[in-house]
Amino acid sequence: MRLLALILFSFIIFPAPNAQSQERLPDVPEALQALIDKGAQMRYLGKKHGLEGWISIYQGQEQYYYVTPDGTGFVMGLLFDKEGGMTTLTQVRDLQAQGDGVLDFLAEDKPADNMSQLRTETNEAFTYKSPAERMFSEVENSNFVSFGDPGAPVIYSFMDPQCPHCHDFMEDLREGYLDNGLVQLRMIPVGLREETMAQAAFLLASPDPQERWYNHLDGDGGALPAKSSTNTRGVERNMLLMDSWNFNVTPMTVYKDKNGKIKIVRGRAGSMADILADLPS
């Protein structure tokens, strides 16, 4: 990235090529004026996918910005097309192709080859994901508590503390699979009522969630306190994840099978043995 920064720096400090100078470039939008006030150097990348792109260089660091159509806001980062290709890198290459004396000097280090390598590495890192893959990635990054052997095959399950079907599913798992180290459950606590929202939040914050949950299953009414002062933001995030993928029942179990296919089980699983046989060993 150091070479990329050097190339971009040359674009900004030295005069733009004639091809661009013949066209009137847009003014730096108001949303980015604060960067200029700090002393950043700006260069226009062009308009792609409805967004105008800019590079800023400040204290030797480049950043990429894409301005909203109304010009009042911006997002910072790299822009990708629907196939996962890095649009930002294409825009930078277009600037590089305009060339000038400084770029000819940099060409001795074969910047084009290095940028091609960067594009290959970046596209591999940002491969386009199917909806199921995106969903599973979001599930993996949810707020969860773990039960069972950390080295065992993993399943994820959205559960409400007062959901009777969740209790039944946990009993299915508890002795035959979790206690025997055959599977790892990553429970994603949710709350369908205010009371269970607080209980789920307490479980997330507890230093002993497995013991608390098992005591709750065994009828201990105080194992999961439902205090109104409990911070529920972690559970709210889990609820948003459920809503965004139209997961409208609990338990809702998600896992990746031995062939890499993503599976969803709505409600209490009919056969945990079948799920275990479907998991990677």
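Scroll up to find the structure.
What counts, and where the lines are drawn
- Residues numbered from 1 in each chain as written.
- Predicted model: local features only at pLDDT ≥ 70, side-chain atom pairs only at ≥ 80, totals over all residues.
- Heavy atoms only, no water.
- Pairing = 2+ DSSP bridges.
- Helix = DSSP H or I, 4+ residues; strand = E, 2+ residues; numbered from the N terminus.
- Axes fitted to C-alpha atoms, helices over the stretch in contact; angles between N-to-C directions.
- Contact = heavy atoms within 4.5 Å.
- Buried < 20%, exposed > 50% of the residue type's maximum accessible area, 1.4 Å probe, protein only.
- Parallel < 35°, antiparallel > 145°, perpendicular 65-115°, else oblique.
- Left-handed = near helix turned anticlockwise from the far one by under 90°.
- Nonpolar A, V, L, I, M, F, W, Y, C, P; charged D, E, K, R; others polar.
- Salt bridge = Lys/Arg side-chain N within 4 Å of Asp/Glu carboxyl O.

Caption draft 1: Summary view of the sheet that holds strand β5 (residues 145-148). Pairing is mixed across the open sheet formed by 5 strands, whose spatial order is β5-β7-β6-β8-β9. The open sheet has two edge strands with one neighbour each: β5 and β9 (262-266). Mean inter-strand twist for the sheet, computed between neighbouring axes without regard to direction, equals 25°. Relative to strand β8 (residues 252-256), strand β6 (residues 154-159) runs antiparallel, the two sharing 3 bridges. When the sheet's bridge partners are listed, tyrosine 156 is paired in β8 with valine 254. Contacting β6, β7 (184-189), β8 and β9, helix α7 (residues 131-140) runs over the sheet at an angle of about 70° to β9.

Caption draft 2: Geometry of the side chain of threonine 250. Relative to the elements of secondary structure, threonine 250 occurs in the loop between α11 (233-244) and β8. Residue threonine 250 is classed as buried on the basis of its relative accessible area of 10%.

Caption draft 3: Up close: the pairing of β8. Among the 5 residues that make up β8, 4 are buried, leaving the element largely enclosed by the rest of the structure. Examined bridge by bridge, β8 and β9 share 5 bridges and lie antiparallel to one another. Along β9, the bridge assignment pairs lysine 256 with isoleucine 262. Taking the residues that link successive antiparallel strands as the turn, the β8-β9 hairpin has 5 residues, and the phi of glycine 260 there is positive, at about 85°.

Caption draft 4: Structural detail: the packing of helix α8 (residues 164-178) against helix α10 (residues 209-217). Relative orientation of the contacting elements α8 and α10 amounts to 120°, with a least axis distance of 11 Å. Relative to α10, the element α8 lies oblique. The handedness of the crossing between α8 and α10 comes out as left-handed. Where α8 abuts α10, its residues His167, Met170, Glu171, Arg174 and Leu178 lie against Trp213, Tyr214, His216 and Leu217. Among the residues making up the contact of α8 with α10, the classes are represented as 5 nonpolar, 2 polar and 2 charged.

Caption draft 5: Just the pattern of salt bridges, in detail. Applying the stated rule across the entire model yields 8 salt bridges. Where glutamate 171 meets arginine 174, a salt bridge forms, and the shortest distance between an N and an O atom there is 3.7 Å. Here the residue glutamate 171 and the residue arginine 174 both occupy positions in helix α8, the gap between them amounting to 3 residues, near one helical turn. For glutamate 171, a relative accessible area of 38% puts it in the partly exposed group. A residue is classified by how much of its surface remains accessible, and arginine 174, at 15% relative accessible area, is buried. Ionic contacts of the salt-bridge type, sharing partners, join the residues Asp168, Asp172 and Arg268 into one network.

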